[in-house]
Every structure is written in structure tokens, then in C-alpha cells.
Amino acid sequence: GLLDVGLSGVVAPTLQDLAGPGAGRWEAELEATERIARCDRRARGGVRAALGPHATDTVSPELFDLVTDAARRLGLPVHLHVAQSFEEHAAAQERHGCSPLELLERQGVLELGRVLLVHCVFASESDLRRLDPRRHFVGVCPFSQIQFAFPTPVGALVELGVPWVIGTDCVASNDSMGLQKELALLGGWGALRAAFSSEGQEHLRAGTSRSAEALEARRRGALDVWSSQVHADVLLRRAWGDGGRLAADGGGGLRPGALANLVVYDPDHPCFWPGDDVLRTLAYADTSAAIWAMMVAGRWRG
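A brief structural summary.

The final tally for this structure, using the stated rule, is 14 salt bridges. Residue E102 pairs with R130 through a salt bridge whose shortest N-O separation is 3.7 Å. On the criterion of sequence distance, the pair formed by E102 in helix α6 (residues 100-106) and R130 in the loop between α7 (125-128) and β7 (136-140) is long-range, its members being 28 residues apart. A relative accessible area of 23% places E102 in the partly exposed class. According to the relative accessible area criterion, R130 is partly exposed, its value standing at 26%. Measuring nitrogen to oxygen at the nearest pair gives 2.6 Å for the salt bridge that ties R205 to E202.

Right under this line is the structure:
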């Protein structure tokens, strides 16, 4: 499908054997992963493979062993959900006496070269300290997470220096794949903390000048703490920086021989108005209507 419409991407067929809709076909999906990885035609078109064990409560230790073997043998990155729900956290504690991330460490998954760990909403600080900034990336999907759980502790990721990338988790986000709306929500992360603070609850109860001043101070303090993350170039790097590094060794840059993915915008289009800060517009607005041309995998597509 990606090749037919002229898009590039990394495809990770779902691997699960304990539960879930794919539990009865993990062998076929593992074979499909290898076929994609070994297909030169797909590679030339910018379509690559990743290993996709679903989560620690739907994948057995035996299947995780097969995944780590395949990752080393084929040189593929690994994409999985981890610590995404209370149910997954409870299952890891009940079956293995540890957290989901500790289980991945025991299974050797965290020893692999490139691993995308999506959600991590139930991860503790000690869990996150197990991650290596050179090899591990946390996937953050804001709109999805506020629907089925709560947000990833991105502040802790920043403090610990753990790379994180932005995603859509599209089906759980009402089938939306709009990265720009995810970026805009992340930009307001600091202000959201004030709404659910003790000062916010006190002002809701009391409604006095003093409680309003305390709430405003909390809001400004939260914004100050988060200010380094709201700059357009920082937000955009969550989408097109580490993501490229994760997809392929040496990816995420322009160089001879690379499969270039470029988008050309018309900055005079109304959705860019007032157009005095192009990067900020790209990070906070919906600019799809202003796309003038695209190059995918080194070929112009319209």
C-alpha cells in the first residue's frame, strides 16, 4: 500500500501470542517481517521493516526470545508498547514480579540497538533510568493517551535525557494521523498541569483573589519549567529528528545516497498567515493545505 501511493515508512507487523487479535498468526507475521526486511524493491521505495512485539502482557517470554534473535540477525529496530495500561503493569507484577520495563530488561530487549517504547505511562523513574539515550526512544501519543489512560511523564524524560518522539496512535485518536495537532497539544503541556494542581482545585472551591493569584503563579511556574520544550524547533525535532535516527542507522539527515523525504510549502497560503515565523506555524498550525510538492524516497510525488 505504501509503495502504491508513493509513501515511505517503517512497517512492524504485530507479534502477539498470549492475547489480542494477532495471537493466532504470530508466525505468519514474523515471516512477513522478514520478507519486508529482505525485499530490495521495497527498500528502494523507502519501505523498511521493524519487529513489532505488541506489549509485555500479550507477548510470551518465548516470543520475546525470537524477537531479540531476529533483531540481531536482521539488524532491525524494535517497536513495542510498554507500561501502557494498569492491566499490563498488573500482569507483569503477577506473572513475573516486576514492572514491564524491568521485564524487557530481563528478556534482553533493552540490549538491542534501536528500540521504540511507546507510551510508558505507567513507568516509574527507576524504570526510565533503565533506558539508554543512545539506543532507546519513548513514543509519546498525547491525544490517544488522554483518551485511554493519561499522558507519558515527558517532564521526567526531559530531565533524564531520554530521547522521545511524537506519534499519533491513530486508531485510538479517532483515526487521526495529524502530527501537527499532537505537537500543539505538547506545546501546552505546562499550562495543563496548572488546571489539575492543588491551586486549581482550591480556586475552584474558594474563588478569592488570593486563590486566583496562587493559581496564576502556579500556571506561570509550570510554563517556565516547560518553556524549553515549547520552541518550534524543539517540538518539530520530536517529529523529524530522532524519528529518522530510529528508523535507520544514520537516518534523519540529508546526504548523498540517502532516500530523501522532503516537503515544499507555499508560505503565502492563507493557513500560514501571518507567516512571520514559519517554524512556529509548522509546529502549531494545520498546514496540509499549503503543501506545494513532496519528494518521497528521492522521487517527486506531484
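This part covers unusual backbone geometry. Looking along the chain, the bond that leaves W273 and enters P274 is cis, with omega of 5°. Inspection of the secondary structure puts P274 in the loop between β9 (262-265) and α16 (278-284). Even without glycine at this site, C120 takes up a positive phi of about 55°. As for its position among the elements, C120 is in the loop between β6 (115-119) and α7. At A297, a position not held by glycine, the phi torsion is positive, near 55°. Taking relative accessible area as the criterion, A297 reaches 8% and is therefore assigned buried.

Read across the open sheet, the four strands follow the order β5-β6-β7-β8; overall the sheet is parallel. Each edge of the sheet is formed by a strand with only one pairing partner; in this case those strands are β5 (78-82) and β8 (164-166). Here the average twist between neighbouring strands, direction ignored, is 30°.

What counts, and where the lines are drawn
Residues numbered from 1 in each chain as written. Predicted model: local features only at pLDDT ≥ 70, side-chain atom pairs only at ≥ 80, totals over all residues. Heavy atoms only, no water. Salt bridge = Lys/Arg side-chain N within 4 Å of Asp/Glu carboxyl O. Helix = DSSP H or I, 4+ residues; strand = E, 2+ residues; numbered from the N terminus. Buried < 20%, exposed > 50% of the residue type's maximum accessible area, 1.4 Å probe, protein only. Pairing = 2+ DSSP bridges. Axes fitted to C-alpha atoms, helices over the stretch in contact; angles between N-to-C directions.

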